[in-house]
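Fold and contact review
Chain by chain, the residues run as shown.
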Amino acid sequence: MGFVQNLKKRLPYSNNTPTLEDVQQKASRISLSPRLAFFRRRIRLKGNSSISIPLGIVVLFPCIVIILILILFVRHPSSPGIRLMPAGSPPTIRKISEKYDKVFIPGCIDPQPEGPRANAAFVVLARNKELDGVIQSMRSIERHFNRWFHYPYVFLNDGDFDENFKATVANYSSSKVEFGKIDASMWGFPDWVDKNVAQEGIRKQGDQAIMYGGMESYHHMCRFYSGFFFKHELLQKYEWYWRLEPEIKYFCDITYDPFQAMIAANKTYGFTIAVKELKETVPNIFRYASAYKRKNNLTSQGLWEMFIEKPENKEPELPKDDPKYKKALPEEIMTTEAGTGSLPEIDPEAMEGEKYNMCHFWSNFEIAKLSWFRSKEYNDFFEMMDRSGGFWMERWGDAPIHSLAAGALLGPKDIHYFRDFGYRHTTIQHCPANAPARQRPHIPFLEPQIEDEKKRKEEDDYWAEWDTEKENGVGCRCRCDTDIVDVEGKQGSCLVEWVEVAGGWSSP
């Protein structure tokens, strides 16, 4: 009781003898540090109320509520705050209906190096100066896929590949490599184009700061990939192709053969990213695509709707007597000097009330059946688009050309979304979450091209640790870049448009 007696002396004078409870409370206050003691002070709910609560609770409670609200806001899938999250894979993964399409193999399986192979090849359009970017892409695709499946490469160039390029590329390949040159019939200005008019159109696009619009070689590339790559002599023996660009990156192991999976599912075209095009690059492309569909009496098989604006987004229609009603095509497009004088008959007012929503499959990655590109229907489509002059007077890319052709000629059942492929080109990437309970142990891959043994081991160790699994994840041993948000959660993605034509979201 010595402590209690001591404490009594320190208490303020009172006629009332302190109770044991008073003593214990005072002892507790004295034993606390000054900062903590402040938060233990009790305040009454009302002036004369006998009920009191610690000041710390009063201060902390609203802070906790605010933090919870912020967490719920940022993590909600429809919230714009989701874009602020620095995760590589989608923060929430919703299942897509399997009515027309489904992931071929969620997660990992054991690769079959001795299994059957499709008649297929990687196709790479590159120049000698892009060697470093080509090596980056080959290292990625070899590590994550081709070390097991050994599909050949076809390299194409509008010039000549030098010996250093050939030797280096062959050193990074686990399979056959061929090199081809693109001749003048597939690259450059065709005979029926007035070259001066076309070049002036390109210069104007450069002056207007249209992305790549002022680069003549970019226009040639887009036209080549739209209507000629599949005609090159080195590709005649192949039935399927996988497009590979310099400076791309894969994030997941692909342990099955996507060509064989496409064949088994009777698919024609596969994509991994769908985004919106810049409006200024293709202001009139939809007029011609729509005209092709109309002139050939084509009825949509369900995919065309992916590329048109929904009724609620349409601008109000003008009465026909309004002077603004007539919307003629640009003079540069309509001039006969841009072509042969026999341009396709296009009624600028007749598009069945439809408007292009700018969606397209991002064609720097695509796996497709070459027989579709070689078909009369596709070539008729390309010929009509080509003769419009849009590849010169505007900056039409091969991505919207392929996509609108697919919309006119194919249905959702013919298209496959490689949602399980982690892929990045420039600053746009898709990287899926890993499939729960469907991962397999890492298969080491020590790249022989890396001379430093320590660096070889460090590279392999990096890929030996993959991201955590998530509900509805579909990837195999994916390790995503985290510097940018997955395209599935970004503005400008066309995932929703694809989901709508593919059957909608699956029920939880």
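Throughout what follows, the structure given in this document is the object of discussion. Since we're looking at a predicted model, the values are computed, not measured. (Residues numbered from 1 in each chain as written. Predicted model: local features only at pLDDT ≥ 70, side-chain atom pairs only at ≥ 80, totals over all residues. Heavy atoms only, no water.)

**A word on the overall build of the protein chain**
- If you tally the helices and strands in the protein chain, you get 17 helices and 14 strands.
- Per-residue burial for the protein chain yields a buried fraction of 50% across its 508 residues.
- A fraction of 81% describes how many contacts in the protein chain between residues 6 or more apart in sequence connect residues 24 or more apart.
- Just so you have it, the protein chain exposes about 26100 Å², and 53% of that area is on carbon and sulfur atoms. (Helix = DSSP H or I, 4+ residues; strand = E, 2+ residues; numbered from the N terminus. Buried < 20%, exposed > 50% of the residue type's maximum accessible area, 1.4 Å probe, protein only. Contact = heavy atoms within 4.5 Å. Areas by Shrake-Rupley, 256 points an atom, 1.4 Å probe, with all protein chains shown as cover.)

**As for a negative patch on the surface**
- A cluster of acidic residues, Glu 451, Asp 452, Glu 453 and Glu 458, forms a negative patch at the surface.
- Position of Glu 453 relative to the elements: it lies in helix α16 (residues 453-464).
- On the accessibility criterion, Glu 453 (58% relative accessible area) is exposed. (Patch = residues over 30% accessible without salt bridge, like charges linked within 9 Å, V, L, I, M, F, W, Y side chains within 5 Å. Salt bridge = Lys/Arg side-chain N within 4 Å of Asp/Glu carboxyl O. Lys, Arg positive; Asp, Glu negative; His and termini not counted. Charge placed at Lys NZ, Arg CZ, Asp CG, Glu CD.)

**Comments concerning helix α10 (residues 285-295)**
- Counting buried residues along α10, nine of its eleven residues qualify, which places the element largely inside the surrounding structure.
- For α10, every residue scored as buried is listed here: Ile 285, Phe 286, Arg 287, Tyr 288, Ala 289, Ser 290, Ala 291, Tyr 292 and Lys 293.
- Positive backbone phi, approximately 50°, marks Asn 297, located one or two places after α10.

**Looking at the pattern of salt bridges**
- Per the stated rule, a full pass over the model turns up 25 salt bridges.
- The closest approach of N and O atoms between Asp 386 and Arg 223, which form a salt bridge, is 2.9 Å. Separated by 163 residues along the polypeptide, Asp 386 in helix α13 (residues 376-387) and Arg 223 in helix α8 (residues 216-227) bring together distant segments of the chain. A single burial state applies to Asp 386 and to Arg 223, both of which are buried.
- Glu 245 serves as the salt-bridge partner of Arg 243, at 2.9 Å between the closest nitrogen and oxygen.

**Observations regarding the packing of aromatic side chains**
- The final tally for this structure, using the stated rule, is 55 aromatic pairs.
- Ring centres of Phe 271 and Tyr 417 lie 4.9 Å apart, and the angle between their planes is 5°; this geometry places the pair in the stacked category. Note that Phe 271 is positioned in strand β8 (residues 269-271) and Tyr 417 in strand β12 (residues 415-417), a separation of 146 residues in sequence.
- Geometrically, the ring pair formed by Phe 286 and Tyr 356 is stacked, given 5.7 Å between the ring centres and 5° between the ring planes. Of this pair, Phe 286 sits in helix α10 while Tyr 356 sits in the loop between α11 (331-334) and β10 (359-361); the two residues are 70 residues apart in sequence, bridging distant segments of the chain.
- When its relative accessible area of 5% is taken as the criterion, Phe 286 is described as buried.
- Positioned above the aromatic ring of Tyr 225, the side-chain terminus of Arg 243 is 3.5 Å from the ring centre. (Phe/Tyr/Trp six-rings, centres within 6.5 Å; stacked < 30°, edge-to-face > 60°. Lys NZ or Arg CZ within 6 Å of the ring centre and 35° of its normal.)

**Some words on α16**
- Between its first and last C-alpha atoms α16 spans 16 Å; for twelve residues at 1.5 Å apiece the expected length is 16 Å, and the two agree.
- Put simply, Asp 452 is the residue that caps the front of α16, since its side-chain oxygen is 2.8 Å from the backbone nitrogen of Lys 454. (Expected span 1.5 Å × (residues − 1). Polar contact = N/O pair within 3.5 Å; in protein donor to acceptor, adjacent residues only side chain to side chain.)

**Quick notes on the nonpolar core**
- In terms of nonpolar packing, the biggest core is built from 74 residues, with Leu 303 and Phe 373 touching the most fellow members.
- Ignoring sequence-local partners within four residues, the contact set of Leu 303 consists of Phe 361, Ala 406, Gly 407, Leu 410, Gly 411, Pro 412, Ile 415, Trp 498 and Val 501.
- The next biggest cluster of nonpolar side chains, apart from the first, holds 41 residues, and it includes Phe 149, Leu 244, Ile 248 and Val 487. (Core = buried A, V, L, I, M, F, W, Y, C linked by side-chain atoms within 4.5 Å.)

**Some details on the state of the cysteines**
- Taken as a whole and judged by the stated rule, the model has four disulfides.
- Linked covalently through their sulfurs, Cys 108 and Cys 476 form a disulfide whose S-S length is 2.0 Å. Because the torsion about its S-S bond is 105°, the bridge between Cys 108 and Cys 476 counts as right-handed. Residue Cys 108 is found in the loop between α4 (55-75) and β3 (120-125), and its partner Cys 476 is found in the loop between α16 and α17 (495-502); the two are separated by 368 residues along the sequence. Accessibility assignment for this pair places Cys 108 and Cys 476 in one class, buried.
- In this model, Cys 252 is linked to Cys 478 through a disulfide, with the two sulfur atoms separated by 2.0 Å. Here the S-S torsion is close to 110°, and the disulfide linking Cys 252 with Cys 478 is therefore right-handed. Taken as a pair, Cys 252 in the loop between β7 (248-250) and α9 (258-264) and Cys 478 in the loop between α16 and α17 lie far apart in primary sequence, 226 residues in all. (Disulfide = S-S within 2.5 Å.)

**A short note on the pairing of strand β6 (residues 240-243)**
- Here β6 shows a buried face lined by Trp 240 and Trp 242 and a second buried face lined by Tyr 241 and Arg 243.
- Sheet topology places β3 next to β6; four bridges connect them, and they run parallel. Bridging from a neighbouring strand, Phe 122 pairs with Trp 242 of β6.
- Pairing of β6 with strand β11 (residues 367-369), which is carried by three bridges, proceeds in the antiparallel orientation. Bridge pairing in β11 links Trp 240 to Lys 369. (Pairing = 2+ DSSP bridges.)

**Overview of the packing of α13 against helix α15 (residues 398-409)**
- At their nearest, the axes of α13 and α15 sit 10 Å apart, and the two run at 130° to each other. Classed by the angle they form, the pair α13 and α15 counts as oblique. Seen from above, α13 lies across α15 with right-handed handedness. Contacts from Glu 377, Tyr 378, Phe 381 and Met 385 in α13 reach Ile 401, His 402, Leu 404, Ala 405 and Leu 409 in α15.
- Of the residues contributing to the contact of α13 with α15, the split by class is seven nonpolar, one polar and one charged. (Axes fitted to C-alpha atoms, helices over the stretch in contact; angles between N-to-C directions. Parallel < 35°, antiparallel > 145°, perpendicular 65-115°, else oblique. Left-handed = near helix turned anticlockwise from the far one by under 90°. Nonpolar A, V, L, I, M, F, W, Y, C, P; charged D, E, K, R; others polar.)

**Quick notes on the sheet that holds strand β13 (residues 423-425)**
- Across the sheet, which stays open at both edges, the three strands sit in the order β7-β13-β14 with antiparallel pairing between neighbours. Two strands in the sheet have a free side with no partner beyond their single neighbour: β7 and β14 (428-430). Neighbouring strand axes in the sheet, compared pairwise and without regard to direction, differ in orientation by 10° on average.

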